[in-house]
Amino acid sequence: KACLIFKKRNKDADRYKAILYGSLAKTGKGHCTDSVIENTLSPVPCEVQFDYLKTDIEHPNTMDLFAYKNGEQIDFIRVFSVGGGRIEFEGSSSAKEPIVYNLSTFKDIKDYCKEKKYRLWQYVDEVEGEYIWDYLAEVWKTMKNAIETGIEDEGTLPGGLDVQKKAKYLYNMEHIGESAETRENREVCSYAFAVSEQNASGHRIVTAPTCGAAGVLPAVLYYEQHKNGFADWEVIRALAAGGIIGNLIKTNASISGAECGCQAEIGSACCMATAALSEPAS
């Protein structure tokens, strides 16, 4: 996202340079961050550097971008990846996201829904409007595609560690005498692995609430749909309920692993999945 913005405002540049700091540097190769930067800024060449030592940075996910023309620097920005797909630029007043949900605590939302006799999905419908359902339909379609593609995928994940993809193996490893509980655990895990491996391979997934935790919510919903025969529209309503919880955590705490550790990501995803499962269809 930062590279697209920088590229648009430096259309005459003949060379770029990117320096990654902190968490972005330490995970850069494994996350293929350098490849993403180079591909986004292409066809103009970009040199990507990893600075593992600099500590006096404002945020653990910090990147510098430089633009050059005829050997002279023509532009520079420092950008922070602050979690959940949001970025901020140093020296710029952070553009505040529009306030969609005036109620910012679960107690307030619960009390409002109790008063109106609403389910959570009905509260979402009232606040967001009809457009949200087409959007969530695309979200669910993307989640399902990531699972169904991932459980058929094989080979080695990019990133240099030679990690073998495991989703297909998990999905197909049923053994004689397997208990219902073991089968459930294996299938749900295979779906979560499928999405995570699609993410690690640079394919399209849904941040739920982040890329790092993207496998949890779709795995749980996909399993429940196939086990209980839920229609897509029922799952989409469940997604709306899960989204409420994700928004509350993002608003009142953080979903950024760089800021608050893995619990901010995977813990939030588990909470979203729990809320989604507790939302009945009607």
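Let us look at the structure shown here. (Residues numbered from 1 in each chain as written. Predicted model: local features only at pLDDT ≥ 70, side-chain atom pairs only at ≥ 80, totals over all residues. Heavy atoms only, no water.)

### Describing the side chain of His59
Here's step 1: For His59, the position within the fold is in the loop between strand E2 (46-51) and strand E3 (61-69).
Here's step 2: By relative accessible area, which is 8% here, His59 ends up buried.
Here's step 3: Setting aside chain neighbours within four positions, we find His59 in contact with Phe80, Ser81, Val82, Ala258 and Glu259. (Helix = DSSP H or I, 4+ residues; strand = E, 2+ residues; numbered from the N terminus. Buried < 20%, exposed > 50% of the residue type's maximum accessible area, 1.4 Å probe, protein only. Contact = heavy atoms within 4.5 Å.)

### With respect to the layout of surface pockets
Here's step 1: For the second largest pocket, the calculated volume is near 200 Å³.
Here's step 2: As for the second largest pocket, its lining consists of Phe106, Lys110, Cys113, Lys114, Tyr118, Arg119, Leu120, Ala275, Ser278 and Glu279.
Here's step 3: Per element, the largest residue contribution to the lining of the second largest pocket is four residues, and it comes from helix H4 (residues 106-116).
Here's step 4: Split into classes, the residues belonging to the lining of the second largest pocket amount to five nonpolar, one polar and four charged. (1 Å grid on protein atoms, 1.4 Å probe; cavity = no way out; pocket = protein on both sides within 12 Å on 5 of 7 lines; lining within 4 Å. Points joined across faces, edges and corners; volume = space filled by probe spheres on them. Nonpolar A, V, L, I, M, F, W, Y, C, P; charged D, E, K, R; others polar.)

### What about the packing of helix H6 (residues 131-150) against helix H9 (residues 216-228)?
Here's step 1: Two elements in contact, H6 and H9, have axes whose closest approach is 10 Å; the angle formed by their N-to-C orientations is 85°. When the axes of H6 and H9 are compared, the pair comes out roughly perpendicular. Touching Trp140, Met143, Lys144, Ile147 and Glu148 of H6 are Leu217, Pro218, Ala219, Leu221, Tyr222 and Gln225, all from H9.
Here's step 2: Across the contact of H6 with H9, the residue classes tally to eight nonpolar, one polar and two charged. (Axes fitted to C-alpha atoms, helices over the stretch in contact; angles between N-to-C directions. Parallel < 35°, antiparallel > 145°, perpendicular 65-115°, else oblique.)

### What about the nonpolar core?
Here's step 1: Grouped together as the largest cluster of nonpolar side chains are 48 residues, with contacts concentrated most on Trp140, Met143, Leu217, Leu221 and Leu239.
Here's step 2: Elements with a minimum of two residues in this core: H4, helix H5 (120-128), H6, helix H8 (180-200), H9, helix H10 (232-252) and helix H12 (262-277).
Here's step 3: For this core, the element with the most residues is H10, which contributes 10 residues.
Here's step 4: Grouped together as the second largest cluster of nonpolar side chains are 20 residues, Cys3, Ala18, Leu41 and Val79 included. (Core = buried A, V, L, I, M, F, W, Y, C linked by side-chain atoms within 4.5 Å.)

### Considerations on H6
Here's step 1: An ideal rise of 1.5 Å per residue puts 28 Å on 20 residues; H6 measures up with 29 Å between its terminal C-alpha atoms.
Here's step 2: By the burial criterion, the buried members of H6 are Ile132, Trp133, Leu136, Val139, Trp140, Thr142, Met143, Lys144, Ala146, Ile147 and Gly150.
Here's step 3: Summarising the contacts, the buried residues of H6 are in contact with H5, helix H7 (167-172), H8, H9 and H10. (Expected span 1.5 Å × (residues − 1).)

### A closer look at the environment of Ala194
Here's step 1: Checked against the element boundaries, Ala194 lands in helix H8.
Here's step 2: As a C-alpha pair, Ala194 and Tyr171 span 23 residues in sequence and 9.4 Å in three-dimensional space.
Here's step 3: Residue contacts for Ala194: discarding those within four places in its chain leaves Ala146, Ile147, Gly150, Ile151 and Ala167.

### Concerning the packing of aromatic side chains
Here's step 1: Using the criterion set out here, one finds 10 aromatic pairs in the structure.
Here's step 2: Centre to centre, the rings of Tyr171 and Tyr191 are 6.1 Å apart; their planes meet at 40°, and the pair counts as tilted. Residue Tyr171 is found in helix H7, and its partner Tyr191 is found in helix H8; the two are separated by 20 residues along the sequence.
Here's step 3: Ring plane angle 80° and centroid distance 4.8 Å describe the contact between Tyr191 and Tyr222, whose orientation is recorded as edge-to-face. Taken together, the residues Tyr191 in helix H8 and Tyr222 in helix H9 connect sequence positions 31 residues apart. Across the pair, exposure class does not vary: Tyr191 and Tyr222 are buried alike.
Here's step 4: By way of ring pairs, the aromatic residues Tyr101, Tyr112, Tyr118 and Tyr123 are connected into one cluster.
Here's step 5: Above the ring of Tyr68, the side-chain terminus of Arg15 is found at 4.0 Å from the ring centroid.
Here's step 6: Directly above the ring of Trp121 sits Arg237, whose terminal nitrogen or CZ lies 3.6 Å from the centroid. (Phe/Tyr/Trp six-rings, centres within 6.5 Å; stacked < 30°, edge-to-face > 60°. Lys NZ or Arg CZ within 6 Å of the ring centre and 35° of its normal.)

### Concerning the pairing of E3
Here's step 1: In terms of burial, E3 is a largely internal element, eight of the nine residues being buried.
Here's step 2: In the sheet, strand E1 (residues 15-21) pairs with E3 via seven bridges, with the strands oriented antiparallel. Residue pairing in the sheet places Ile19 in a bridge with Asp64 of E3.
Here's step 3: Pairing geometry for E3 and strand E4 (residues 72-83), over eight bridges, is antiparallel. Bridge pairing links Ala67 to Asp75 in E4.
Here's step 4: In this structure, the hairpin formed by E3 and E4 is closed by a connection of two residues, where Asn70 is found at a positive phi of approximately 55°. (Pairing = 2+ DSSP bridges.)

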